[in-house]
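Coordinate inspection notes
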Amino acid sequence: MTLTLTNIAKTFPGGVQALLPTDLEIAKGEIVSLLGPSGCGKSTLLRMIAGLETPDAGAKIVFDGEDVTRQSVETRKIGMVFQSYALFPNMSVRGNIGYGLKMQKLPKTEIEARVNEVIALCRLDGYADRAITALSGGQRQRVALARAMAPRPRVLLLDEPLSALDAALRSQLRDELALLLRQFGITAIFVTHDQNEAMAIADRVAVMSLGEVAQIGTPEALYRNPATGFVARFVGDAMPLEGRIEGDRLHLPGGILPLPGPARGSEVLVRAEDIRLDPQGPITARVETVTFLGTHYRIALSGASDTLLIALHSGLSAPQQGENVRLSIAPEALLILPKGVAA
Amino acid sequence: MKSLSKAIPLIVTLLACAFLLIPIIQSVLAGLTVNYFRGLSSGLTLKWVARVLELYSGSILLSIWIALACLVVTLILGVPAAYALARNPGRASRVLEEFISLPLAIPGLALALALLQLYGTLQGFRTSWTFILVGHVLYTLPFMVRSVLSVLAAIDLKVLEEGAASLGAGPARRFFDIVVPNALPGILAGALTVVTLSIGEFNLTWMLHTPYLKTLPVGLADSYASMRLEVASAYTLVFFVMIVPLLMAMQWASARAQRIMQ
Ligand SMILES: Nc1ncnc2c1ncn2[C@@H]1O[C@H](COP(=O)(O)OP(=O)(O)OP(=O)(O)O)[C@@H](O)[C@H]1O
Ligand SMILES: [Mg+2]
């Protein structure tokens, strides 16, 4: 299903502008992630698509050419996975998964067959008749997904579906979820504040900040060509290089760094993996901490910029704490972005 | 020394129990003896119990009838009220909850007087059992509302309902499929409380009753006032047999609801 949002905004009673007017188009079968820090309006946007929140006047929500703006959540034929799963404690796993089908008044045998089908897909065989309270967190998460998918919704909406799980399980289920969503072939919108989750699951990521979509694109596009400093910081943890720009040179406390071109009034950022330890490099810095992470070292450096810089170093040995080192950064690895854009 | 410090609380407890139980046992025995003044030596009999059932069966049935009617009314009013309060937490709900609970703070007598003042002149209503029912509903409704509300407040009702709505369930379906089943422990505890209180209620009912409409406790007072002691005592026995199992069930249901809430 294609989903078109036009001029969708939300002001809560009391005046909180949770979402500024936003347009968004999602193609059939596409998985889009809404990524952003806490309070930026991700859930609000998702809940308006679901019909759980009413957008401000002037908004238009279209599912496959059908205007659903005024439709209630019950009639929109969406599937929703909640952060807390919202499984019904008074029903078994089977009861939960079959509930949406029961609402569609399907014949008993068909409900049975379709519930079994989803149970198999979500690897819940053997748990069908359990009580919800007798399931682990990961199993509950899969029941929530199965319940949302059983009625074959037009679009699947997921609000931080993995955040209630512990870290190890989360990264495992992340890949599973990505696979399942692709198998279902469903159009899905997925809210998260974890960039790794967004990049692992989504075809396109909408990075949100302060009630607006700062940039939308494939994970790769966002990483390589962030539109703003915020996006660069949020996707790939870019660090600002704070110094004075003169023509095509950046004067840092630790030395002068060549830029790919004149960059007046811009902000310069760099990612940890692009900082090289290089005896011929133009910048000096002091090693503050060294952490061995197996495949590489994580080195915190002071003196090069006003704030600490993190470098990832993948040699066989690393400099010692307190040592002075020289750094180089390839000009094309620098992210040069307009300054003073909040979002 | 140690055994003494353990023994003293035990003795105190036993004394307190005896203090409470002896009059009850005495009363029950009085209802079963042939002649109370001659004591147990006069022999045991069920004559007085039979007499009570014969004389006061109307009161017993009326009490059960009113209790059941009261239960139906408090269910119909109380469960949706508790649901509305749980769904809209806030100052207004707080105030409303206190308002519903107001009859608890007012003596039954005052409540009865207010009802008499307001409706006493409506002859048909004044002399009907529904007049007593209104009093009982006013008195027991807060117990139903609070019991259901405390269970509903402990579950994330809003999200559960949003989940059901996203699956296509309208408001009525959500109420009966999600709200009621999850509130069931609270509803059960509330229901037993309502029935127990209604059957045992005296203050208010005594003010509202007419000679033709006596409930179980009003009949009890009547029997002590106008019957021989053995009959009144047998009445106490009948009363116990009815109310004690209810009380025990109520305790059990409340404990269960508590357990589900935490
Ligand atoms: N019902 C509400 N009434 C008033 N303000 C609200 C309401 N719901 C959300 N907000 C506000 O709207 C803003 C956006 O909220 P939203 O829940 O969409 O954020 P989010 O991006 O999902 O954050 P999180 O990652 O913490 O879930 C926040 O400032 C929040 O306080
Ligand atoms: Mg949220």
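Residues numbered from 1 in each chain as written. Chains lettered and ligands numbered in written order. Predicted model: local features only at pLDDT ≥ 70, side-chain atom pairs only at ≥ 80, totals over all residues. Heavy atoms only, no water.

Turning to the interface of chain B and chain A, a few remarks are in order. Taken together, the contact pairs 19 residues of chain B with 21 residues of chain A. When the buried area of chain B at its contact with chain A is split by residue, Glu162, Ser166 and Leu167 of chain B rank highest and sum to 37% of it. Linking chain B with chain A are two salt bridges, by the criterion used here. Residue Glu74 of chain A pairs with Arg174 of chain B through a salt bridge whose shortest N-O separation is 3.8 Å. (Contact = heavy atoms within 4.5 Å. Buried area = accessible area lost by both parts, 1.4 Å probe. Salt bridge = Lys/Arg side-chain N within 4 Å of Asp/Glu carboxyl O.)

On to the layout of surface pockets. All names here are of chain B. Taken as a whole, the largest pocket spans an internal volume of roughly 420 Å³. Among the secondary structure elements, those contributing two or more residues to the lining of the largest pocket are helix H7 (157-166) and helix H8 (171-200). Here the element with the most residues in the lining of the largest pocket is H8; it accounts for three residues. Looking at the lining of the largest pocket residue by residue, the classes come out as 13 nonpolar, four polar and two charged. (1 Å grid on protein atoms, 1.4 Å probe; cavity = no way out; pocket = protein on both sides within 12 Å on 5 of 7 lines; lining within 4 Å. Points joined across faces, edges and corners; volume = space filled by probe spheres on them. Helix = DSSP H or I, 4+ residues; strand = E, 2+ residues; numbered from the N terminus. Nonpolar A, V, L, I, M, F, W, Y, C, P; charged D, E, K, R; others polar.)

We now examine the pairing of strand E15 (residues 266-270) of chain A. Residue and element names in this part refer to chain A. Most of E15 is tucked away: five of the five residues are buried. Neither face of E15 is open: one carries Ser266, Val268 and Val270, the other Glu267 and Leu269, and all of them are buried. Where strand E11 (residues 239-240) meets E15, two bridges bridge the pair, whose relative direction is antiparallel. Its bridge partner lying in E15, Met239 is registered against Val270. Pairing between E15 and strand E21 (residues 335-338): four bridges, direction antiparallel. Counted as the bridge partner of Glu267 is Leu337 from E21. (Buried < 20%, exposed > 50% of the residue type's maximum accessible area, 1.4 Å probe, protein only. Pairing = 2+ DSSP bridges.)

Attention now goes to the pattern of salt bridges. Residue and element names in this part refer to chain B. Under the counting rule described, the total for this entry stands at 24 salt bridges over all chains. Linking Arg174 and Glu161 is a salt bridge whose minimum nitrogen-to-oxygen distance equals 2.9 Å. On the criterion of sequence distance, the pair formed by Arg174 in helix H8 and Glu161 in helix H7 is long-range, its members being 13 residues apart. A relative accessible area of 3% means that Glu161 is categorised as buried.

Residues annotated in UniProt with the feature "domain: ABC transporter" (unreviewed entry) correspond here to residues 3-235 of chain A. Summarising residues 3-235 of chain A: 36% helix, 24% strand, and an end-to-end C-alpha distance of 25 Å. (UniProt positions renumbered as here; feature names shortened; annotations may be inferred.)

Residue and element names in this part refer to chain A. Packing of helix H2 (residues 93-103) against helix H3 (residues 108-121) brings their axes to within 9 Å, and their N-to-C directions diverge by 125°. Between H2 and H3, the interaxial angle falls into the category oblique. Read as a crossing pair, H2 and H3 show a hand that is right-handed. Every residue of H3 that contacts H2 at Arg94, Ile97, Gly98, Leu101 and Lys102 is listed here: Ile111, Glu112, Arg114, Val115, Asn116 and Ile119. Across the contact of H2 with H3, the residue classes tally to five nonpolar, two polar and four charged. (Axes fitted to C-alpha atoms, helices over the stretch in contact; angles between N-to-C directions. Parallel < 35°, antiparallel > 145°, perpendicular 65-115°, else oblique. Left-handed = near helix turned anticlockwise from the far one by under 90°.)

The next subject is the side chain of Glu230 of chain B. Residue and element names in this part refer to chain B. Mapped onto the fold, Glu230 is located in helix H11 (residues 229-261). For Glu230, a relative accessible area of 1% gives the class buried. In this structure the side chain of Glu230 is engaged in a polar contact, spanning 2.7 Å, whose partner is the backbone nitrogen of Tyr36. Within the local environment of Glu230, its side chain forms a polar contact with the side chain of Arg228, the two groups lying 3.1 Å apart. With sequence-adjacent residues up to four places away left out, Glu230 is seen in contact with Ala30, Gly31, Thr33, Val34, Asn35, Tyr36 and Trp48. (Polar contact = N/O pair within 3.5 Å; in protein donor to acceptor, adjacent residues only side chain to side chain.)

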